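In case you want the letters, here they are:
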Amino acid sequence: MDISFEQAGQMTRLAALTVDKGESVHVLHPNQIVAFQGASHLREDSFMKLSNMYRKKRLIQSRISGPSRCMLGLPEGYNLGTVAIKEDDDLLFEFKHVLFYMEGMSFRTHIQTVRNAIMSRDFVKMRFQGPGTLGLLTAGPLYEVELHPDEPLYVDVQCLVAYPQHISLKPCVYGNTLASQHMNYHWELTGTGSVLLQPCKPDKQLDEHMQSESWMRRVLREVIPFGGIFIK
């Protein structure tokens with residue numbers, strides 16, 4: 001699979017996935033598919049598993065097979081970052097960031113501690129195993145930062161996208177009294193490997209999948225033909 005980007009000004013607004021024959025990619029936000037080039041039967045939509053519906057706040061996902069070309073529109077303020085996942089990778093991701101993954105990749109849940117779940121508002125992280133490519137929708141470009149075993153890295157809890165499973169992770173604040181009283185909670189990270197960060201804090205008004213809305217409204221918008229147009 002080949003991925004190319006088109007820009008409007010200095011912002012990336014469109015990502016094109018060229019899927020070769022024999023390959024497939026699962027798109028977890030079908031509404032972001034703005035154009036498709038290929039035989040009609042090469043796109044297959046299906047209902048997500050119930051657990052994934054809850055985590056993604058979506059009902060339907062798309063499977064795009066090759067040979068075809070699929071163009072994904074990116075919400076204003078968001079970027080698409082790609083990560084090459086190896087067979088033995090142990091990075092833990094927030095599932096809400098995942099826009100697509102290649103067929104053949106597997107993923108399983110990792111239950112967080114109650115303390116960390118309260119901080120991140122997510123009881124489950126997802127561990128993907130490859131080989132394959134993972135597409136992540138993030139607020140700003142995706143950055144990789146190396147960790148140190150003894151010198152902690154402090155990251156705003158809203159900016160941490162993925163981290164290795166084996167590292168030490170705990171919520172904290174840092175700095176002097178004034179700093180610690182007025183900052184968001186941060187993760188204190190130590191260990192080996194790299195973490196993935198988004199440099200901007202998400203604005204939930206920019207993309208509806210970052211918002212909380214009624215379950216019934218989501219069901220009606222997904223199930224009723226043209227529901228996304230008539231139900232706002």
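What counts and how
- Numbering of residues starts from 1 in each chain and follows the order in which that chain's sequence is written.
- In view of the model being predicted, local features appear only for residues whose pLDDT reaches at least 70, and side-chain atom pairs are presented and counted only at 80 or more, with totals across whole chains, interfaces and linings using the full set of residues.
- As a convention, hydrogens and water are excluded, and side-chain values are obtained from all of the structure's heavy atoms.
- Only when DSSP finds a minimum of two bridges between them are two strands counted as paired.
- The helix count covers DSSP runs of H or I at least four residues long, the strand count covers runs of E at least two residues long, and both are numbered beginning at the N terminus.
- Comment: axis = line fitted to C-alpha atoms, over the contacting stretch for helices; angle = value between 0 and 180 degrees taken between N-to-C directions.
- Buried Ala, Val, Leu, Ile, Met, Phe, Trp, Tyr and Cys residues that are joined via side-chain atoms within 4.5 Å together make up what is termed a nonpolar core.
- In this scheme, a residue with accessible area under 20% of its type's maximum is buried, one over 50% is exposed, and one in between is partly exposed, where area comes from a 1.4 Å probe on protein chains only.
- Two residues form a contact once any of their heavy atoms are found within 4.5 Å.
- We count a salt bridge whenever a side-chain nitrogen from Lys or Arg sits within 4 Å of a carboxyl oxygen from Asp or Glu.
- Between rings of Phe, Tyr and Trp, where Trp is taken as its six-membered ring, a pair exists when centres lie within 6.5 Å; planes separated by under 30 degrees are stacked, by over 60 edge-to-face, and by other angles tilted.

## Section: the sheet that holds strand β19 (residues 194-197)
With antiparallel pairing, the six strands of this open sheet are ordered in space as β11-β12-β9-β16-β19-β14. Each end of this open sheet is capped by a strand with a single partner; those strands are β11 (106-111) and β14 (143-146). Neighbour-to-neighbour, the strand axes of the sheet open up by a mean angle of 30°, direction not taken into account. As defined by bridge partners, strand β16 (residues 160-164) adjoins β19 across two bridges and the pair is classed as antiparallel. Opposite A162, over in β19, you have L196 as the bridge partner.

## Some thoughts on the nonpolar core
Grouped together as the largest cluster of nonpolar side chains are 22 residues, with contacts concentrated most on F93, F128, L134, L136 and L196. Secondary structure elements with two or more residues in this core: β8 (78-85), β9 (91-93), β10 (98-102), β12 (124-129), β13 (132-139) and β16. Leave out the neighbours within four places in its chain, and L134 touches G81, T82, V83, I85, F93, V98, F100, Y101, M105 and F128. Counting residues in hydrophobic clusters, the runner-up holds 16 residues, among them I64, C70, L137 and A139.

## Some words on unusual backbone geometry
In this chain, G66 is followed by P67 through a cis amide linkage whose omega measures 5°. The residue after G130, namely P131, is reached through a cis peptide bond having omega 10°. Note that P131 resides in the loop between β12 and β13.

## What about the pattern of salt bridges?
Counting across every chain of the model gives six salt bridges. Here E103 ties to R63 by a salt bridge, and the two come within 2.6 Å at their closest N and O atoms. Of this pair, E103 sits in the loop between β10 and β11 while R63 sits in strand β6 (residues 60-65), and the two are 40 residues apart along the sequence. Classification of E103 as partly exposed rests on a relative accessible area of 37%. Take R63: its relative accessible area is 25%, and that puts it in the partly exposed class. One salt bridge connects K170 with E188, and the closest N-O pair in it is separated by 3.7 Å.

## Structural notes on the side chain of E94
Along the polypeptide, E94 turns up in the loop between β9 and β10. Since its relative accessible area comes to 8%, E94 is described here as buried. Not counting the four nearest positions on each side in its chain, E94 is found in contact with D122, K125, L160 and V161.

## With respect to the environment of L91
Relative to the elements of secondary structure, L91 occurs in strand β9. For L91, a relative accessible area of 14% corresponds to the buried category. C-alpha of L91 to C-alpha of L196: the two residues are 105 residues apart in sequence and 9.2 Å apart in space.

## Focus: the packing of aromatic side chains
Within the structure shown, the criterion is met by six aromatic pairs. An aromatic cluster is defined as three or more aromatic residues linked by ring pairs; in this entry it consists of F93, F95, Y101, F107 and F128.

## What to know about the sheet that holds β10
Whenever strands of a sheet pair, they do so through backbone hydrogen bonds, lying parallel or antiparallel. Here we have six strands laid out as an open sheet, ordered β5-β6-β3-β10-β13-β8, and antiparallel in their pairing. Both outer strands of the open sheet, β5 (43-47) and β8, are each paired with one neighbouring strand and no more. Mean inter-strand twist for the sheet, computed between neighbouring axes without regard to direction, equals 20°. Relative to β13, β8 runs antiparallel, the two being bridged by eight bridges. Considered in β13, the bridge of V83 is made with L134.

## A word on the environment of I167
Within the element layout of this structure, I167 appears in the loop between β16 and β17 (168-172). If near-sequence neighbours (up to four positions away) are discounted, I167 is found in contact with L147, L189, T190, G191 and T192.

## So, the pairing of strand β3 (residues 24-27)
Burial along β3 is two-sided: the residues S24 and H26 and V25 and V27 are all buried. Two strands pair when backbone bridges link them, and β3 and β6 are joined in this way by four bridges, in the antiparallel orientation. The residue of β6 that forms the bridge with V27 is S62. As defined by bridge partners, β3 adjoins β10 across three bridges and the pair is classed as antiparallel. The partner of V25 across the bridge, within β10, is M102.

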